[in-house]
Amino acid sequence: MKQYEIPIRYTLYENPGELPGQYVSLVHSAVEAARDAYAPYSGFRVGAAVLLENGEVIAGNNQENAAYPSGLCAERVALFYAGSRYPGVAVAAIAITALRDGSIQEEPVTPCGACRQVLYETEQTGGKSIHVILHGKRRTLLIQGAADLLPLPFILKKET
Ligand code: THU
C-alpha cells in the first residue's frame, strides 16, 4: 500500500490591480459579462472571460432555465462558444467572477466540477496551461493550470 498527495499551488492577490495587466482587463470583461447573466432563479450572476492565444477575448455568463438542469454555467458558455468560434485555438486564460444584487461577491467563485472537467480537456487539447483567475472583492486567486483544479480527472481512454 502506498499513499500519494497531490498539492495545489495558487497565487493570492489582495489587490487585483497587482495582476498582470492583461488579466486586470480580463477580470473587467468577466464582471461586465456577469451583469448580462440570465439568472432569474438563483440571482447569482456569474461571468467568465476567456483569453485565446490569438488575443481574442470571448465572454459568457450563466444561462438558467425553469427546468433547472437545462441551464449552463458561465465558464462552459464561454469555453464552448470560444471553441465553436475559434476551433483549434488554444485558451491562454480564463477569468471568473460573480455578482449578487449588482455587487461582486466578496470571495472568489470556484468553478463547479463539470466546468473543471471542461477546463481540463480544453487545456489538454490546447497543449498549454490555462491560467485561471478567480476574482472576488476581497481576494483574487491565480491558478497556473486548469489541471491543478481537477486532480484525477476523467479521461476517456481509446481502445487499442
Ligand atoms: N454557476 C456558474 O455559472 N459557474 C459556476 O462555477 C458555479 C455555478 C451558476 C449556475 C447557476 O446558474 C448559478 O450559478 C447558481 O448555481
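This text follows the structure it describes.
Residues numbered from 1 in each chain as written. Predicted model: local features only at pLDDT ≥ 70, side-chain atom pairs only at ≥ 80, totals over all residues. Heavy atoms only, no water.

### Thoughts on the site of the ligand
Put simply, the rule reads: It suffices for a single heavy atom of a residue to lie within 4 Å of a molecule or strand for the residue to be listed as near it. A 3.5 Å cut-off defines polar contacts: any pair of N or O atoms within that distance qualifies, except that in protein one atom must be a possible hydrogen donor and the other a possible acceptor, and neighbouring residues in sequence count only when both atoms are side-chain atoms. Computed with the Shrake-Rupley method and a 1.4 Å probe, the accessible areas treat only the protein chains shown as cover for residues. For the purposes of this entry, the term helix denotes a DSSP run of H or I that reaches at least four residues, the term strand denotes a run of E that reaches at least two, and both are numbered from the N terminus.
Taken together, Ser42, Phe44, Val46, Asn62, Glu64, Cys73, Ala74, Glu75, Pro111 and Cys112 make up the full set of residues adjacent to the ligand. With respect to the ligand, the side chain of glutamate 75 contributes an N or O atom lying 2.6 Å from an oxygen atom. One nitrogen or oxygen atom from the main chain of cysteine 112 is found 3.3 Å from an oxygen atom belonging to the ligand. Burial of the ligand by the protein chains amounts to 74% of its free accessible area of 380 Å². Looking at the shell around the ligand, the elements that each hand over two or more residues are strand S2 (44-52) and helix H2 (74-85).

### Re the nonpolar core
As a reminder of what qualifies: Side-chain atoms within 4.5 Å link the members of a nonpolar core, which is a set of buried Ala, Val, Leu, Ile, Met, Phe, Trp, Tyr and Cys residues. Exposure is judged per residue with a 1.4 Å probe applied to protein chains only, and the accessible area is read against the type maximum: over 50% gives exposed, under 20% gives buried, and values in between give partly exposed.
One finds Val50, Leu52, Leu79, Ile94, Ile96, Ile130 and Val132 to be the most contacted residues of the largest nonpolar core, which totals 25 residues. Breaking this core down by element, the ones donating at least two residues are S2, H2, strand S4 (91-100), helix H3 (113-126), strand S6 (131-135) and strand S7 (140-143). The dominant element in this core, judged by the number of residues it contributes, is S2, at five residues.

### Quick word on the packing of aromatic side chains
The condition is simple: The aromatic pairing rule takes the rings of Phe, Tyr and Trp, using the six-membered ring of Trp, and pairs them if the centres are within 6.5 Å, calling planes under 30 degrees apart stacked, those over 60 edge-to-face and the rest tilted.
On inspection of all chains with the given rule, the structure shows one aromatic pair. Judged by centre distance (5.5 Å) and plane angle (45°), the rings of tyrosine 41 and tyrosine 68 are tilted. Of this pair, tyrosine 41 sits in the loop between helix H1 (21-35) and S2 while tyrosine 68 sits in the loop between strand S3 (57-61) and H2, and the two are 27 residues apart along the sequence.

### Here we look at the pattern of salt bridges
So the rule is basically this: We count a salt bridge whenever a side-chain nitrogen from Lys or Arg sits within 4 Å of a carboxyl oxygen from Asp or Glu.
Enumeration over the complete set of coordinates arrives at six salt bridges. Residue lysine 128 pairs with glutamate 53 through a salt bridge whose shortest N-O separation is 3.4 Å. Of this pair, lysine 128 sits in the loop between H3 and S6 while glutamate 53 sits in the loop between S2 and S3, and the two are 75 residues apart along the sequence. Look at lysine 128 and you get partly exposed, because its relative accessible area is 34%. Linking arginine 139 and glutamate 107 is a salt bridge whose minimum nitrogen-to-oxygen distance equals 2.7 Å. Note that arginine 139 is positioned in the loop between S6 and S7 and glutamate 107 in the loop between strand S5 (103-104) and H3, a separation of 32 residues in sequence. For arginine 139, a relative accessible area of 25% translates into the label partly exposed. Using a relative accessible area of 30% as the deciding quantity, one classes glutamate 107 as partly exposed.

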